[in-house]
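If you want the building blocks of each chain, they are given just below.
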Amino acid sequence: MKSIHKHAAATAALILSFAAHADINVGVILSTTGPGGSLGIPEQNSVKLWPTEIAGEKLRITVLNDESDTTAAAKNANRLVAENNVDVVVGPSLTPTSLSALDIIARANTPMISLAGGGAIIEPSDGPRRWAFRMAPPESIAVSLVLEHMVAQGVKKVGVIALATSFGEGYTKTLERLAPGKGISVVTVERYNQNDTSVTAQTLRLLAAQPDAVYIMSSGTPGALPQIELARRGFKGPVYQTQGVANNDFLRIGGKDLEGGYMTVGPVLVAEQLPDASPLKAPATEFVKRYETAYGAGSRSLFAASAWTAVMWLEAAVPQALKKGKPGTPEFRAALRDALESMKDVVTPEAIYSMSNTNHNGADQRSQVMVRIVDGRWKLQN
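Report follows, based on the coordinates.

Right, let's get into the overall build of the chain. Helices and strands together make up the secondary structure of the chain, namely 12 helices and 15 strands. Against the 2.2 N^0.38 benchmark of 21 Å for 382 residues, the chain shows a C-alpha radius of gyration of 22 Å, consistent with a compact globule. Taking as baseline every contact in the chain between residues at least 6 positions apart, the subset at least 24 positions apart corresponds to 68%. Summed over all atoms, the accessible surface of the chain reaches about 15,900 Å², with 51% contributed by carbon and sulfur. A gap of 1 Å separates the mean positions of the 37 positive and 35 negative side-chain charges of the chain.

Following this line, the structure appears as structure tokens:
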């Protein structure tokens, strides 16, 4: 009888030991193929550089490709929460895929750190969005920076061509709200789909409105299409883009037709050009060195930096969550959500974040800089 009790005690101790050192199960949903592939591939590259543990707990990472498709993203989300019992989901890469995954992940009371840029992912921060977080800065920061630049350029009329998605809609509405206050009128809004191969009709209507400048609101390589068409139609005014296109594939596809274009981006894209006084210069240059050592000179990507920011958020939040629960439990997932929401002054390569229960982004104006494409490279504009 003693041996049975002894064996039972040993088994219980073993179970407790495993519980004390349970892996943190991280699900990652990325668009590594399809129109969002130029975002998802560098994001996946960054995930491969993640640490193997946080706060003494091993990371178990499952990466799934949603093919830039909303239905696939929803299926991936369901698999991660129902079968893999993940503690947190990082991704998806795009706003539409993030929105399709959000309700599924939130119903499982699991935090989601979206890598996409649409404000609809986190606003308003109630209901399912209590569980959603996003590191891309608010549209208002990027749009305000563009409007200030337009004023300096003497722009009075701006035309828009935007993706017919929640990402494009979010930027369009923000511009329409803020432009009048700067004395700028939005003279036309044209839309196109992510899989379109031509925007000739939209461009002709855009030019017919005679804008002084054009603001393209797109993501991934599809963002090059309108700018190429504008250049070939001889448009001479300034052309602006969002950071949704800030990667080398965009530069490669657009080539010389992108030359002189402007965009607002995360500072990490021009890390070495940042002033020494910037609190973001050190973390940005450190990330660029790490990433380009692994993937080659010039391979840096804003989207890769976002995936790195995600793990830095986890490094800030996990130690707090571990005080209230063990990985794999509802208590840990709830505590991790609370810890993400209470982060303050977390410095990453692309921004400094301070969250609250009404702000699940937390980036400030330092999260965006204006760059121009000069000789096929990003050049910081002072």
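So, next bit.
So, on to the packing of helix H5 (residues 139-152) against helix H6 (residues 166-178). Where H5 meets H6, the closest approach of the two axes is 9 Å, and the angle between their N-to-C directions is 50°. The orientation of H5 relative to H6 falls into the category oblique. When you trace H5 past H6, the crossing you get is right-handed. On H6, the residues that touch Glu 139, Ser 140, Ala 142, Val 143, Ser 144 and Leu 147 of H5 are Gly 170, Tyr 171, Thr 174, Leu 175, Arg 177 and Leu 178. Its residues assigned to classes, the contact of H5 with H6 comprises six nonpolar, four polar and two charged.

Here we come to the sheet that holds strand S2 (residues 53-54). A sheet is described by the order of its strands in space; here six strands give the open sequence S2-S3-S1-S4-S5-S6, paired in mixed fashion. Strands with a single pairing partner mark the edges of an open sheet, and in this sheet they are S2 and strand S6 (132-134). The pairing of strand S1 (residues 24-30) with strand S3 (residues 57-65) spans seven bridges and is parallel. Across the sheet, residue Ile 29 finds its bridge partner in S3, namely Leu 64. Sheet contacts for helix H3 (residues 70-82): S1, S3 and strand S4 (88-90); angle to S1, the most-contacted strand, approximately 175°. The sheet contacts of helix H12 (residues 330-341) involve S1, S4, strand S5 (112-114) and S6, and relative to S6 the element is tilted by about 40°.

All told, the structure shown has seven aromatic pairs when counted by the stated rule. Their ring planes at 25° and their centres at 5.4 Å tell us that Tyr 240 and Tyr 262 sit as a pair that is stacked. Of this pair, Tyr 240 sits in strand S10 (residues 239-241) while Tyr 262 sits in strand S11 (residues 262-265); the two residues are 22 residues apart in sequence, bridging distant segments of the chain. Here Tyr 240 matches Tyr 262 in class, with each residue buried. What links up through ring pairs into an aromatic cluster is the set Phe 287, Tyr 291, Tyr 295 and Trp 308.

Rules used in this analysis
Throughout this document, residue positions are counted from 1 along each chain, in the order its sequence is written. With pLDDT at 70 or above as the cut-off, local features in this predicted model cover only qualifying residues; side-chain atom pairs require 80 or more to be listed or tallied, and sums for whole chains, interfaces and linings still use all residues. Where side-chain values are given, they derive from all heavy atoms of the structure, hydrogens and water being excluded. Secondary structure elements are defined from DSSP: runs of H or I of at least 4 residues count as helices, runs of E of at least 2 residues count as strands, and each element is numbered from the N terminus. Atoms counted for the radius of gyration: C-alpha only. Globule rule: 2.2 Å times the number of residues to the power 0.38. The contact rule is simple, with two residues in contact once any of their heavy atoms fall within 4.5 Å. Here the open area of atoms and residues is found with the Shrake-Rupley method and a 1.4 Å probe, where only the protein chains shown may cover a residue. Counted as positive: Lys and Arg. Counted as negative: Asp and Glu. His and the chain ends are not counted at all. All charge positions are set by atom: Lys at NZ, Arg at CZ, Asp at CG, Glu at CD. Only C-alpha atoms enter the line fits that serve as axes; for helices the fit covers just the stretch in contact. Angles between N-to-C directions range over 0 to 180 degrees. Here the word oblique covers every angle except those under 35 degrees (roughly parallel), over 145 (roughly antiparallel) and from 65 to 115 (roughly perpendicular). The sense of a crossing depends on the near helix, which, turned anticlockwise from the far helix by less than a right angle, makes the crossing left-handed and, turned clockwise, makes it right-handed. By the convention adopted, Pro, Cys, Tyr, Trp, Phe, Met, Ile, Leu, Val and Ala count as nonpolar, Lys, Arg, Asp and Glu as charged, and the other residues, Gly among them, as polar. What makes two strands pair is DSSP finding at least two bridges between them. Note on aromatic contacts: the rings of Phe and Tyr and the six-membered ring of Trp form a pair at centre separations within 6.5 Å, being stacked when their planes are under 30 degrees apart, edge-to-face when over 60 apart, and tilted otherwise. Between buried and exposed lies partly exposed: a residue is buried under 20% and exposed over 50% of the maximum accessible area for its type, with that area taken using a 1.4 Å probe on protein chains only.

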